[in-house]
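# A structural walkthrough
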There are 2 protein chains.
Amino acid sequence: MTYERAHLKAMHGYTPGQQPDTPAIKLNTNENPYPPGPAVAHALSSFPLNMLQRYPDPLAGAFRASVARLHRLAPANVIATNGGDELLRLALTTFLDPGKPLGLLTPSYSLYSVLATIHGSPLASVPLGNDWSVPDNTAERWNAAGVPLAIMTNPHAPSGTLASAAGLHKLALAFRGVLLVDEAYVDFVDPEIGHETSTMVAAYPNVLLLRTLSKGYSLAGLRLAYGLGAAELVAPMLSKTKDSYNVDAIAQAVGAAALEDVRSAARLVSYARHRRRIFSSRLFPPAGDGTARRKSIGLSWPDASLCDGSMRRDYGINYGSASVRLRKTSTLWKLSGCLADRSRFQNHRNSPLEGLAAHFPHPSGSSATL
Amino acid sequence: MTYERAHLKAMHGYTPGQQPDTPAIKLNTNENPYPPGPAVAHALSSFPLNMLQRYPDPLAGAFRASVARLHRLAPANVIATNGGDELLRLALTTFLDPGKPLGLLTPSYSLYSVLATIHGSPLASVPLGNDWSVPDNTAERWNAAGVPLAIMTNPHAPSGTLASAAGLHKLALAFRGVLLVDEAYVDFVDPEIGHETSTMVAAYPNVLLLRTLSKGYSLAGLRLAYGLGAAELVAPMLSKTKDSYNVDAIAQAVGAAALEDVRSAARLVSYARHRRRIFSSRLFPPAGDGTARRKSIGLSWPDASLCDGSMRRDYGINYGSASVRLRKTSTLWKLSGCLADRSRFQNHRNSPLEGLAAHFPHPSGSSATL
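Remember, it's a predicted structure, so these values are computed and weren't measured experimentally.

Below, the discussion takes up the overall build of chain A. Each helix and strand in chain A was counted, giving 15 helices and 11 strands. When each of the 370 residues of chain A is scored for burial, the buried share is 51%. Counting only contacts in chain A whose residues sit at least 6 apart along the sequence, the fraction spanning at least 24 positions is 73%.

Shown next as structure tokens:
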């Protein structure tokens, strides 16, 4: 006897990145390598114990006010969520009837399709171009498929490619459904690009931006993210579909403190960008303007063990005395094929990272189409 | 232009109990009046800041191990959730196809029907008896209605009535769907009753018990609850339908510490039971065995302002110099009708609480039937 719904029984769940107990260089979950700043430390150490006995503010008022100030928006444009995962799920619950297709760009964050499967919705996938760009006719293809909600990652993971704000404006204007832009990595965009999307909230009734404190603010363990959108778009999630007390009292207090400490956040991001430049230069040697915009955010890597079709785990290698965890990414795995020579990668003499670029060319074709 | 799904547009969301900024005697959200114990204080103050930069354990392994030890079960019988709300929602997502009915006993926690509406499921409600007891033919009525999932609150809120373990065994055996017993208040059952349900987990494949640290452990602000069930019942929620990192790192650490500190938890509950005895004796003067088992857990009260059909807020009264917040409970409101004489209650000379019993007889009929 099983009680699970039939369509769930048939599916595999999303496999989160591993958190090994032993020390490891973690490249598998794109965590920030630096701890959060002093404002977070102070907010945590001064959190009053007796606030725990009461329910938290269900609407996370103080935190949302901080977010609103940061983006020059109103609190009604903001929803606080238990990590970005919750906002993604809430968007499906709120804007997508089961059976209707979820719009995606592929390859993309594999969680999106898992959420669609749980929800009982098919996918309407538009493959990214060979340079990881968003095709010009994306909105038309989603519209033709009757897509009420589409999710895109920008900057894109795992390629790090950034779709410009101008491109997003065009897409939002032409698309008839809700466009959720997952901006988990937006804090790491080079400031000189001047990428700015929060002004879209006032201009488009159908744009929902996802921001998280997991990456740029080094707070992955806290589970705190937020959505930005037109007040009418945010309202049903805020007052109807989210769990009543979705963000705990500590996260609300610590998160507000983190947002107010602009200087620490900027420093964290600046450190990470600096390391990324070094890392990228080894992975992707400068090769003219074609690859100049390809920013390595972290690193996703096909799991060699998937050759057997059995394992669903991250990929571990030894680098000198350190253990390195890499993320399996089954989508990219499918695109790039089996590693021709696993042993060469695993035993690469100078650096396993140097071995990656050679094994990981951009795919010329794609298996996912509308 | 609206993007909200049509059935959501038509609904009202659940209204959480108010958390006034000004000091108030809060009887509206059944929070514990005592702060959590020293183990919680220590776990919070010693939480390592650098754990926040990494994602938490997606399966909350250490916390689930503590739960398993407490109940003499295996970790595979346990799921940790972001408050009880999440487990309730997950049960619908995992075991109930939209369109199929959710089984309820009425009156009950109003959130259940809100979750069913969001999910797109009708209700199959069995009214409680005049003594708040669960009717003998409940399972048969749910089975006849084709109910795949039913939720009951035990001890019942707001009446405080406890359905015996023997009664639950009968219900679980006869019911063909998943029986979710919301035991949010079970820590407050008098120990001399010897009420014990966790042994049902091994005996029934269809029983899911909800426990929370919000009430008995004074941790409502932390958002931490757990489900207990057969491993096969728990598995799809754990590996498929829950958000990947649903419980944050602080809640996992603090929660485990709270569970290990058995003595503090027992003291908190003992204090609360003592106050309840005093409170109950004023509300429900001893009247033989018929009312002896009626335990007032907190107090739910129809919102007089609902007479206008407009307000959806808690009810505030002044008691001497203190402000008292009471919970509006629209279900009970509907059952008991408008207050005949609002002013008498509001200006009750001795105690507003003494005025309650007279205004709040058990309803002889019920508006909610299968």
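Right, let's talk about helix α10 (residues 249-260) of chain A for a bit. Each full turn of the α-helix corresponds to 3.6 residues, which orients residues three or four apart in the same direction. All names here are of chain A. Given a rise of 1.5 Å per residue, 12 residues ought to cover 16 Å, and the 17 Å separating the end C-alpha atoms of α10 matches this to within 8%. When you tally the buried positions in α10, you get 11 out of 12 residues, the bulk of the element. Among the residues of α10, those classed as buried are Ala249, Ile250, Ala251, Gln252, Ala253, Val254, Gly255, Ala256, Ala257, Ala258 and Leu259.

Contact with chain B, which involves 67 residues of that partner, is made by 67 residues of chain A. Among the elements of the structure, α2 (38-45), α4 (84-95), α5 (111-119), α9 (231-241) and α10 (249-260) of chain B are those that each provide at least two residues to the side of chain B that touches chain A. Across the side of chain B that touches chain A, the residue classes break down as 33 nonpolar, 20 polar and 14 charged.

This part covers the sheet that holds strand β3 (residues 102-106) of chain A. All names here are of chain A. Reading across from one edge, β2-β8-β7-β6-β5-β3-β4 is the order of the seven strands in this open sheet, with mixed pairing throughout. Either end of the sheet is taken by a strand with one partner, and the two such strands are β2 (78-81) and β4 (123-127). Within the sheet, the average angular offset between the axes of one strand and its neighbour, ignoring direction, is 20 degrees. Sheet topology places strand β6 (residues 178-182) next to strand β7 (residues 207-212); four bridges connect them, and they run parallel.

Here we take up the relation of the copies chain B and chain A. Think of it as a corkscrew move, a rotation about one axis and a shift along it, taking one chain copy to the other. Once chain B has been moved 0.0 Å along the axis and rotated by 180 degrees, it coincides with chain A to within an RMSD of 0.0 Å. Expressed as a symmetry operation, the mapping of one chain copy onto the other fits a two-fold axis. When C-alpha positions in chain B are compared against the rotation axis, the closest is assigned to Ser45 of chain B, at 3.0 Å. Comparing interface residues between copies, 100% of those in chain B also lie at the interface in chain A; the contact surface is shared.

Okay, the pairing of strand β5 (residues 149-153) of chain B next. Residues and elements named next belong to chain B. In terms of burial, β5 is a largely internal element, five of the five residues being buried. In β5, alternate side chains face the same way, and those of Leu149, Ile151 and Thr153 on one face and Ala150 and Met152 on the other are all buried. Bridge count for β5 against strand β6 (residues 178-182) is five bridges, and the pairing is parallel. Of the residues in β6, the one forming a bridge with Leu149 is Val178. For the crossover from β5 across helix α7 (residues 165-174) to β6, the handedness is right-handed.

Residue and element names in this part refer to chain B. The strand order across the open sheet built from seven strands is β2-β8-β7-β6-β5-β3-β4, with neighbouring strands paired in mixed fashion. With partners counted over all chains shown, the strands left at the sheet margins are β2 (78-81) and β4 (123-127), one partner each. Pairs of neighbouring strands in the sheet enclose a mean axial angle of 20 degrees, with direction left out of account. Strand direction decides the pairing type here: strand β3 (residues 102-106) and β5, joined by three bridges, are parallel. Across the sheet, the residue bridging to Leu102 is Leu149, located in β5. Where helix α3 (residues 61-71) meets the sheet, its contacts fall on β2 and β8 (225-229), and the angle it forms with β2 comes to roughly 125 degrees.

Our next topic: unusual backbone geometry. Along the chain, Thr106 of chain B connects to Pro107 of chain B via a cis peptide bond; the corresponding omega equals -5 degrees. For Pro107 of chain B, the location among the structural elements is in the loop between β3 and α5. Of note, the bond from Asn154 of chain B into Pro155 of chain B is cis; its omega dihedral lies within 30 degrees of zero at -5 degrees. For Pro155 of chain B, the location among the structural elements is in the loop between β5 and α7. Even without being glycine, Ala60 of chain A reaches a positive phi, approximately 50 degrees.

What follows is about the environment of Leu128 of chain A. Residues and elements named next belong to chain A. Along the chain, Leu128 turns up in the loop between β4 and α6 (138-144). Take Leu128: there are 24 C-beta atoms within 10 Å of it, and that puts it in the buried class. Considering only alpha carbons, one finds Leu128 and Asn77, 51 residues apart in sequence, at a separation of 30 Å. Among all residues touching Leu128, those that are not within four sequence positions of it are Leu105, Thr106, Ser133 and Val134.

Quick look at the packing of α2 of chain B against α10 of chain B now. All names here are of chain B. α10 packs onto α2 with a crossing angle of 155 degrees between their chain directions and a minimal axis gap of 8 Å. When the axis of α2 is compared with that of α10, the two are roughly antiparallel. For the pair α2 and α10, the sense of crossing is right-handed. Each of Ala39, Val40, His42, Ala43 and Leu44 in α2 lies in contact with α10, whose residues at this interface are Ala253, Val254, Ala257, Ala258 and Glu260. Taken together, the residues of the contact of α2 with α10 break down into eight nonpolar, one polar and one charged.

Parts of the prediction with low pLDDT should not have their coordinates interpreted in detail. All names here are of chain A. Summarising the model, chain A shows a mean pLDDT of 79, and 72% of its residues fall at 70 or more. Low confidence marks residues 282-313, where pLDDT is under 50. Its contacts with residues over four positions away, or in another chain, come to 67 contacts. Confidence drops under a pLDDT of 50 for residues 318-322, and excluding neighbours within four residues, the segment shows five contacts in the predicted structure. This complex was scored by the predictor with a pTM of 0.84 and an ipTM of 0.83.

With that settled, consider the environment of Pro16 of chain A. Structurally, Pro16 of chain A is set in the loop between α1 (6-9) and β1 (25-26). Sequence separation between Pro16 of chain A and Glu4 of chain A is 12 residues; the distance between their C-alpha atoms is 21 Å. For Pro16 of chain A, the contacting residues outside a window of four places in its chain are Pro58, Ser244 and Tyr245 of chain B.

Definitions and cut-offs
Residues numbered from 1 in each chain as written. Chains lettered and ligands numbered in written order. Predicted model: local features only at pLDDT ≥ 70, side-chain atom pairs only at ≥ 80, totals over all residues. Helix = DSSP H or I, 4+ residues; strand = E, 2+ residues; numbered from the N terminus. Buried ≥ 20, exposed ≤ 12 C-beta atoms within 10 Å, placed from the backbone. Contact = placed C-beta atoms within 7 Å. Expected span 1.5 Å × (residues − 1). Nonpolar A, V, L, I, M, F, W, Y, C, P; charged D, E, K, R; others polar. Pairing = 2+ DSSP bridges. Axes fitted to C-alpha atoms, helices over the stretch in contact; angles between N-to-C directions. Least-squares fit on C-alpha atoms with pLDDT ≥ 70 in both. Right-handed = clockwise from strand over helix to strand, strands pointing away. Parallel < 35°, antiparallel > 145°, perpendicular 65-115°, else oblique. Left-handed = near helix turned anticlockwise from the far one by under 90°. pLDDT = per-residue confidence, 0-100.

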